[in-house]
Amino acid sequence: MKDTLVEKLVHIADMLGLDRETVRLTYPENHEHGEFSSNIALANAKKSGLRPHELAERIVTEFKKNIPEFVASVEIAGPGFINFKIKDRALSEEIVRLARLGADLGRSGGEAGRKIMVEYTDPNPFKVFHIGHLMANAIGESISRLVEFSGANVLRANWQGDVGPHVAKAVWAARLVKDRSDGRNLDAALWGKAYAAGARAYETDTTAKAEIEEINRKIYDRSDPAINALYDQGRQTSLDAFEGMYKRLGTKFDHYFFEGAEGREGEEIVRAHLDGGIFEKSEGAIVFKGERFGLHTRVFITSAGLPTYETKELGLNREKFKLYPDLAQSIIVTGNEQSDYFKVLLKVMELIYPKITEKTKHIAHGILRFASGKMSSRAGNVIAAETLIDEIKSLVEKKTAGRAFKQAEAAEIVDSIAVGAIKYAILRQAIGSDVIFDSATSISFEGDSGPYLQYAAVRANSVLEKAAAEGITVGPEGGLEFPNTVSPLEKLLSRFPDLVMRARSEYAPQIMANYLTVLAGKFNSFYASQVIVDGQNKLSPYYLLVTKTFLAAMRNGLWLLGIGVPKKM
């Protein structure tokens with residue numbers, strides 16, 4: 001219906017000499033104003049030489065000459081908005097159409113054939129998987145799923161720093177720990193603590209600093225067997241721990257890129273362009289003078305001859321397109337503290353690989369803050385993602401203590417609710433904003449939380465199970481009877497496919513998160529005011545069909561956010 005209205009308005013715009021690019025339909029917040037609204041008259045009034053209301057009248061007059069059958073009325077509101085009301089029967093038939101889609105509700109083929117890589121999370125071995133990585137993972141995974149729903153082939157990528165000063169700091173401290181522990185292997189948590197200890201020593205102890213810098217060189221050229229053995233053990237331990245976290249978060253990566261492999265290729269790129277005016281030598285180092293582009297200077301190869309993170313990124317981004325020459329887009333998700341860094345990097349890439357740069361998009365997110373102002377940390381001065389998840393899981397366990405969960409499924413349910421609570425808190429806001437996380441609010445079953453959405457889906461599923469147990473069919477489409485008027489729930493459900501596409505095009509998971517919150521509220525009102533399962537009511541099959549469509553929208557919408565629907569709550 002929306003496409004039909006847009007097409008008709010574009011035709012009218014062309015006929016009246018208006019800008020067809022201004023033809024857009026939005027959804028009025030108040031359902032009484034109709035299902036769609038357009039500001040085309042306001043956007044074109046100056047160009048047309050008419051007052052907005054006068055232009056709106058001309059547009060409506062043309063529209064009514066051949067009004068679509070599903071339109072109940074067209075009205076002018078305020079200074080010149082044009083509102084469209086859709087017939088209740090048409091909305092009910094739309095629910096039937098959406099119900100047929102089931103698990104495919106919201107999917108489209110608009111990007112079929114496109115290959116898109118999304119790089120996110122990017123934890124560094126030897127360091128703690130912290131709440132910043134958790135935030136990047138939630139955002140990157142949701143964007144990946146939105147892109148998948150548009151029909152594209154998504155490649156999930158993870159870029160990890162397995163060489164560099166942070167590794168040398170961890171290995172330096174780990175040598176001391178192993179010397180005191182009979183050579184036992186360190187687990188991921190101890191490696192995180194080793195890095196924190198090494199980082200402190202590097203800043204305060206000149207002898208330790210020199211030793212760490214020497215270890216850094218040895219790791220890079222793998223010239224010391226003892227250090228190699230310790231390094232290999234720590235690297236694998238970290239990667240194994242990360243895999244456990246990815247499984248818990250519902251992410252499975254297709255590619256793992258490492259600074260120790262792809263990153264090394266960057267040095268060759270920098271040196272190859274040293275005489276081309278892009279890089280220059282400065283005090284023994286090789287730098288990019290960004291000031292000529294309104295940016296800042298960054299070092300790409302240190303005076304010690306070692307490549308920096310920037311150089312390794314050049315190798316990574318070239319490698320992505322070497323592996324997949326047909327890659328349509330590369331999306332990179334990082335914290336916004338890297339925004340200035342990425343401006344420089346993308347400028348360098350533009351000078352060396354302009355085609356790659358055209359296909360590269362950087363998305364920067366804010367940081368996770370706590371409403372309480374503090375949270376305990378078990379490793380260094382960063383908060384481990386596992387610590388946060390376990391704290392929320394403990395709160396969920398207390399909240400659900402009296403519920404009848406089977407012992408075998410209880411842990412899975414509680415973990416799903418805890419992870420869903422955290423992900424929703426991250427994704428409900430615009431990506432660039434900081435997130436203020438409140439533990440108590442995050443696990444509420446009463447609104448604006450992940451568990452609230454999960455609970456609405458579980459409730460809808462229980463309604464359908466009850467109907468099945470009583471032998472009531474869910475909407476036999478042949479002889480289905482429709483109510484005289486539709487509820488706000490049906491009107492809101494009809495928007496789902498369009499909002500999925502909008503969330504994808506704007507890289508905005510919060511559009512889906514906020515929509516689902518409103519949708520869950522409408523279903524709860526529908527559930528409270530309407531007897532859905534009633535074998536004596538001829539409208540019951542239709543109400544069940546609405547419930548079925550709602551459940552499909554919630555399941556798919558939550559999936560797009562990376563949130564699962566528990567069996568029970």
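Keep in mind it's a predicted model, so treat the numbers as computed, not measured.

Reading guide: rules and limits
Residues numbered from 1 in each chain as written. Predicted model: local features only at pLDDT ≥ 70, side-chain atom pairs only at ≥ 80, totals over all residues. Heavy atoms only, no water. Helix = DSSP H or I, 4+ residues; strand = E, 2+ residues; numbered from the N terminus. Contact = heavy atoms within 4.5 Å. Areas by Shrake-Rupley, 256 points an atom, 1.4 Å probe, with all protein chains shown as cover. Lys, Arg positive; Asp, Glu negative; His and termini not counted. Charge placed at Lys NZ, Arg CZ, Asp CG, Glu CD. Pairing = 2+ DSSP bridges. Axes fitted to C-alpha atoms, helices over the stretch in contact; angles between N-to-C directions. Parallel < 35°, antiparallel > 145°, perpendicular 65-115°, else oblique. Left-handed = near helix turned anticlockwise from the far one by under 90°. Nonpolar A, V, L, I, M, F, W, Y, C, P; charged D, E, K, R; others polar. Phe/Tyr/Trp six-rings, centres within 6.5 Å; stacked < 30°, edge-to-face > 60°. Buried < 20%, exposed > 50% of the residue type's maximum accessible area, 1.4 Å probe, protein only. Expected span 1.5 Å × (residues − 1). pLDDT = per-residue confidence, 0-100. Salt bridge = Lys/Arg side-chain N within 4 Å of Asp/Glu carboxyl O.

It is worth spelling out the overall build of the protein chain at this point. Assigned secondary structure in the protein chain consists of 21 helices and 13 strands. Taken along the three principal axes of its C-alpha coordinates, the protein chain extends 80 × 65 × 40 Å. Of the contacts made within the protein chain by residues no fewer than 6 positions apart, 73% connect residues no fewer than 24 positions apart. Accessible area for the protein chain stands at about 25500 Å²; split by element, carbon and sulfur atoms hold 48% of it. Considering the protein chain, the positive charge centre built from 73 side chains and the negative charge centre built from 73 side chains are found 2 Å apart.

For the rest of this paragraph, the subject is the sheet that holds strand β10 (residues 327-335). With parallel pairing, the 5 strands of this open sheet are ordered in space as β6-β5-β4-β10-β11. Where the open sheet ends on each side, the last strands, each with one partner, are β6 (255-258) and β11 (360-365). Put simply, the sheet's adjacent strands are angled 25° from each other on average, direction ignored. Taken together, the 6 bridges between β10 and β11 define a ladder with parallel strand orientation.

To continue, consider the packing of helix α14 (residues 385-399) against helix α15 (residues 407-427). Close contact between α14 and α15 brings their axes to 9 Å; oriented N to C, the two are set at 120°. Overall, the two elements α14 and α15 adopt an arrangement that is oblique. For the element pair α14 and α15, the recorded crossing hand is right-handed. Taken together, the residues of α15 that come into contact with α14 (itself represented by Leu388, Ile389, Ile392, Lys393, Val396 and Glu397) are Ala411, Val414, Asp415, Ile417, Ala418, Val419, Ala421 and Ile422. Here the residues of the contact of α14 with α15 are counted per class, giving 11 nonpolar, no polar and 3 charged.

Any aromatic ring pair is given by two values, namely how distant the centres are and how the planes are angled relative to each other. The full count for this structure, using the stated rule, is 25 aromatic pairs. Look at Phe126 and Tyr231: their rings are 5.5 Å apart centre to centre, the planes differ by 25°, and that puts the pair in the stacked class. A residue pair is termed long-range when its members are at least 10 positions apart, and Phe126 in the loop between β4 (115-119) and α5 (131-149) and Tyr231 in helix α9 (residues 225-249) qualify at 105 residues. Look at Tyr231 and you get buried, because its relative accessible area is 6%. Counting every residue linked through ring pairs, the aromatic cluster contains Phe482, Phe523, Phe526, Tyr527, Tyr542, Tyr543 and Phe550.

Taking 1.5 Å per residue, 21 residues should reach 30 Å; helix α21 (residues 540-560) reaches 30 Å between its end C-alpha atoms and fits that length. Summarising burial for α21: 18 of the 21 residues are buried, a large majority. A positive backbone phi angle near 80° is found at Gly562, which sits one or two residues after α21.

Here the focus is the sheet that holds strand β9 (residues 298-301). Note: strands within a sheet are paired through backbone hydrogen bonds, in either parallel or antiparallel orientation. Spatial ordering of the open sheet is given by β7-β8-β9, a layout of 3 strands whose pairing is antiparallel. Two strands lie at the open edges of the sheet, namely β7 (280-282) and β9, each paired on one side alone. Across the sheet, the mean angle from the axis of one strand to that of its neighbour is 50°, orientation sign disregarded. Where strand β8 (residues 285-288) and β9 come together, 3 bridges link them in antiparallel fashion.

Turning next to the pairing of strand β3 (residues 81-86). As paired strands, strand β1 (residues 36-38) and β3 are joined by 3 bridges and run antiparallel to one another. Each residue of the ladder has a partner; that of Ser37, found in β3, is Asn83. Pairing analysis gives 6 bridges linking strand β2 (residues 71-77) to β3, with the strands arranged antiparallel. Among the inter-strand pairings, Val71 is bridged to a residue of β3, identified as Ile86. The turn joining β2 and β3, which pair antiparallel and follow one another in sequence, is formed by 3 residues; a positive phi near 60° is taken by Gly78.

Mean pLDDT for the protein chain: 92, with 96% of residues reaching 70 or above. Taking the mean pLDDT of every element in the protein chain, the minimum, 86, falls on helix α6 (residues 165-179) and the maximum, 98, on β4.

Before going further, it helps to spend a moment on the pattern of salt bridges. By the definition in use, this model includes 37 salt bridges. In this structure, Glu481 engages Lys538 in a salt bridge whose closest nitrogen and oxygen atoms are separated by 3.6 Å. Of this pair, Glu481 sits in the loop between α17 (450-469) and α18 (488-493) while Lys538 sits in the loop between α20 (509-529) and α21, and the two are 57 residues apart along the sequence. Several salt bridges share partner residues, and in doing so they unite Glu141, Arg145, Glu148 and Arg156 into one network.

Turning to the side chain of Arg495, a few remarks are in order. Along the polypeptide, Arg495 turns up in the loop between α18 and α19 (496-505). No salt bridge forms around the buried Arg495; measuring N to O, its nearest opposite-charge neighbour Glu35 is 6.2 Å away. The residues contacting Arg495, other than those within four sequence positions of it, are Tyr27, Pro28, His31, Glu35 and Tyr515.

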